[in-house]
Amino acid sequence: MPTVSYAEAEPRRSAVALGSNIGDSQIILEAAIETLAQTPGIVLEAKSNWYQTKAVGPPQPDYLNGCVTLQVEMLPQQLLEILLRIEQQFGRVRQERWGPRILDLDLLLFDDFIVDTPNLQIPHPRMRDRAFVLVPLAEVAPDWIEPVSGCVIKELLKEVDCSDVHLLMGN
Ligand SMILES: Nc1ncnc2c1ncn2[C@@H]1O[C@H](COP(=O)(O)O)[C@@H](O)[C@H]1O
Ligand SMILES: Nc1nc2c(c(=O)[nH]1)N=C(COP(=O)(O)OP(=O)(O)O)CN2
């Protein structure tokens, strides 16, 4: 991928999913959003409510999940690097797949881009199956077209079981 500075990249809209099930998840997730919003080339557009969700994967505590939309002036690969760096800053340790974590930041959508490289796939390949992603995403971006299916987020939401996703009271 060519080297492009933040200033040279065209403004784009992106959606990022946040999740945590270790520590004080709400404080961690709010701080991660603040870190994102203070990053050069990123403007926070919208933030969903937080949802308490049953873990998908091995037995582990419930997650807190949410989504943000961003205006970004960078390439998708640069945004991924920023997300991975923030996860590390917050003490993320990679262990088992789908295991518990302090902070998970997934790049869901980047305008209408489809990216399929070894270290980055956009749209996030499992987002369409995940109520813990689609419920908060539908709050902030109901009409965004997921470019692989061609369906808007609010339509994709109708296809998943949302019974394990609960709005956190006192958001
Ligand atoms: N769309 C993506 N968002 C985040 N991470 C991605 C994406 N596509 C590929 N990856 C790779 O997945 C791991 C991070 O996995 P998590 O367990 O979800 O943190 C990382 O190596 C990315 O290169
Ligand atoms: N309720 C809930 N369950 C989850 C959550 C989550 O945020 N909420 N994240 C996971 C993600 O696991 P991982 O990032 O290892 O895999 P991925 O590459 O499929 O996103 C696995 N299970």
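Residues numbered from 1 in each chain as written. Chains lettered and ligands numbered in written order. Predicted model: local features only at pLDDT ≥ 70, side-chain atom pairs only at ≥ 80, totals over all residues. Heavy atoms only, no water.

1. Overview of helix α2 (residues 76-89)
Operational definition: Runs of H or I in DSSP of at least four residues are treated as helices and runs of E of at least two as strands, each being numbered from the N terminus. One fewer than the residue count of a helix, multiplied by 1.5 Å, yields its expected span. Relative accessible area decides the class of each residue, using a 1.4 Å probe on protein chains only: under 20% of the type maximum gives buried, over 50% gives exposed, and in between gives partly exposed. Contacts are assigned to residue pairs with any non-hydrogen atoms lying within 4.5 Å of each other.
Taking 1.5 Å of rise per residue, 14 residues should cover 20 Å, and α2 covers 20 Å from first to last C-alpha, within 8% of that figure. The complete set of buried residues in α2 reads Pro76, Gln77, Gln78, Leu79, Leu80, Ile82, Leu83, Ile86 and Glu87. Among the structural elements, β1 (12-20), α1 (25-37), β2 (42-47), β4 (63-72), β5 (104-110) and β7 (120-122) are those in contact with the buried residues of α2.

2. Quick look at unusual backbone geometry
Note the cis peptide between Ile122 and Pro123, where omega equals -5 degrees. When you line up the elements, Pro123 lands in the loop between β7 and α3 (131-140). Despite not being glycine, Asp111 shows a phi value in the positive range, around 45 degrees. Its location among the elements puts Asp111 in the loop between β5 and β6 (115-117).

3. Examining the UniProt feature "domain: 7,8-dihydro-6-hydroxymethylpterin-pyrophosphokinase" (unreviewed entry) in the protein
The criterion, for reference: UniProt positions are given in the numbering used here, feature names are shortened, and annotations may be inferred rather than shown by experiment.
Here the UniProt feature "domain: 7,8-dihydro-6-hydroxymethylpterin-pyrophosphokinase" (unreviewed entry) sits at residues 97-108. Regarding residues 97-108, the helix share stands at 0% and the strand share at 42%, and the terminal C-alpha atoms are separated by 18 Å.

4. A look at the pattern of salt bridges
For clarity, the cut-off: Note on definitions: salt bridges are taken to be side-chain nitrogens of Lys or Arg within 4 Å of carboxyl oxygens of Asp or Glu.
Under the defined criterion, the tally for this structure stands at eight salt bridges. For Asp111, the salt bridge identified is with Arg12, shortest N-O distance 3.2 Å. Of this pair, Asp111 sits in the loop between β5 and β6 while Arg12 is found in strand β1, placing the two residues 99 residues apart along the sequence. Close ionic contact of Arg128 with Glu146 constitutes a salt bridge, the shortest N to O distance being 2.9 Å. Remark: Glu146 occurs in strand β8 (residues 145-146) and Arg128 occurs in the loop between β7 and α3; sequence separation between them is 18 residues. Take Arg128: its relative accessible area is 31%, and that puts it in the partly exposed class.

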